[in-house]
Amino acid sequence: MLPVPPVPDAEETGVLTLSPTGRRVRLAATGVVLALLLGGTVWGTDSDFPFGPFRMYSTRADPDRPVVSTSVVGVTADGDEVRLSGGEVGLRRAEFEGQLPRLVDQPELLGLLADSYAEGHPDAEPLVAVRVVQRRHALDDGRRTGEVTESVLVDHAVRAQEGTP
């Protein structure tokens, strides 16, 4: 014969029951969060994330619109271009693109990128200019057509560093 397990006392189970007020508070908090999510989805922007849509993942690009690629290049006295975007100067592309309106308004900030490049590459030829370049790759039904247009958004002359010619 198997022993019968003891029946636990209901008060010893450790389960707490919410009061009616506690339930109402949780229900109200849930309602507020859901309202923010719904409102953000309908009227929100990327800045409202997580209560707004993150458009990079929630929308689809037009397959016939050009793809825009923004980059920062340094220019040497010989006219050679040196890539400064892509983490070369401690600033990743997304971080840079987020600052683009500010850089257009204050081009002298590009001098900081030239300084950072000079510190990281002391033997490299000094930069005489830093440019923000946008390349537009044309698409037709989602495929590259080969047509590329390039425009310089900002062109900033770099002042000579102390101790450099």
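Rules behind the numbers
- Residues numbered from 1 in each chain as written.
- Predicted model: local features only at pLDDT ≥ 70, side-chain atom pairs only at ≥ 80, totals over all residues.
- Heavy atoms only, no water.
- Buried < 20%, exposed > 50% of the residue type's maximum accessible area, 1.4 Å probe, protein only.
- Helix = DSSP H or I, 4+ residues; strand = E, 2+ residues; numbered from the N terminus.
- Contact = heavy atoms within 4.5 Å.
- Patch = residues over 30% accessible without salt bridge, like charges linked within 9 Å, V, L, I, M, F, W, Y side chains within 5 Å.
- Areas by Shrake-Rupley, 256 points an atom, 1.4 Å probe, with all protein chains shown as cover.
- Salt bridge = Lys/Arg side-chain N within 4 Å of Asp/Glu carboxyl O.
- Lys, Arg positive; Asp, Glu negative; His and termini not counted.
- Charge placed at Lys NZ, Arg CZ, Asp CG, Glu CD.
- pLDDT = per-residue confidence, 0-100.
- Pairing = 2+ DSSP bridges.

Remarks on helix α5 (residues 110-120)
Phase 1 of the analysis: For α5, the full list of buried residues reads Leu-110, Gly-111, Leu-113, Ala-114, Asp-115 and Tyr-117.
Phase 2 of the analysis: Where α5 is buried, its residues contact β1 (67-76), β2 (81-83), α4 (100-105), β3 (127-140) and β4 (143-157).

Let's talk about a negative patch on the surface
Phase 1 of the analysis: A surface patch of negative charge is lined by Asp-62, Asp-64, Asp-140 and Asp-141.
Phase 2 of the analysis: Locating Asp-64 in the fold gives a position in the loop between α2 (55-58) and β1.

Points about unusual backbone geometry
Phase 1 of the analysis: With a phi close to 55°, Asp-141 is a non-glycine residue in the positive phi region.
Phase 2 of the analysis: Within the secondary structure, Asp-141 is located in the loop between β3 and β4.
Phase 3 of the analysis: A residue is classified by how much of its surface remains accessible, and Asp-141, at 55% relative accessible area, is exposed.

Brief notes about the confidence of the model for the protein chain
Phase 1 of the analysis: When pLDDT is averaged along the protein chain, the result is 83; 89% of the residues meet or exceed 70.
Phase 2 of the analysis: The element-level mean pLDDT for the protein chain is lowest in α2, coming to 69, with helix α1 (residues 20-43) highest at 92.

A short note on the pairing of β1
Phase 1 of the analysis: Among the 10 residues of β1, seven are classified as buried, and the element is accordingly described as predominantly covered.
Phase 2 of the analysis: One ladder, built from 10 bridges, connects β1 with β3; its direction is antiparallel. Within β3, the residue paired with Thr-70 across the bridge is Gln-134.
Phase 3 of the analysis: As judged from the three bridges shared by β1 and β2, these two strands associate in the antiparallel manner. When the bridges of β2 are listed, Gly-74 appears paired with Val-82.
Phase 4 of the analysis: The turn linking β1 back onto β2 is made up of four residues, and Gly-79 within it adopts a positive phi angle of 90°.

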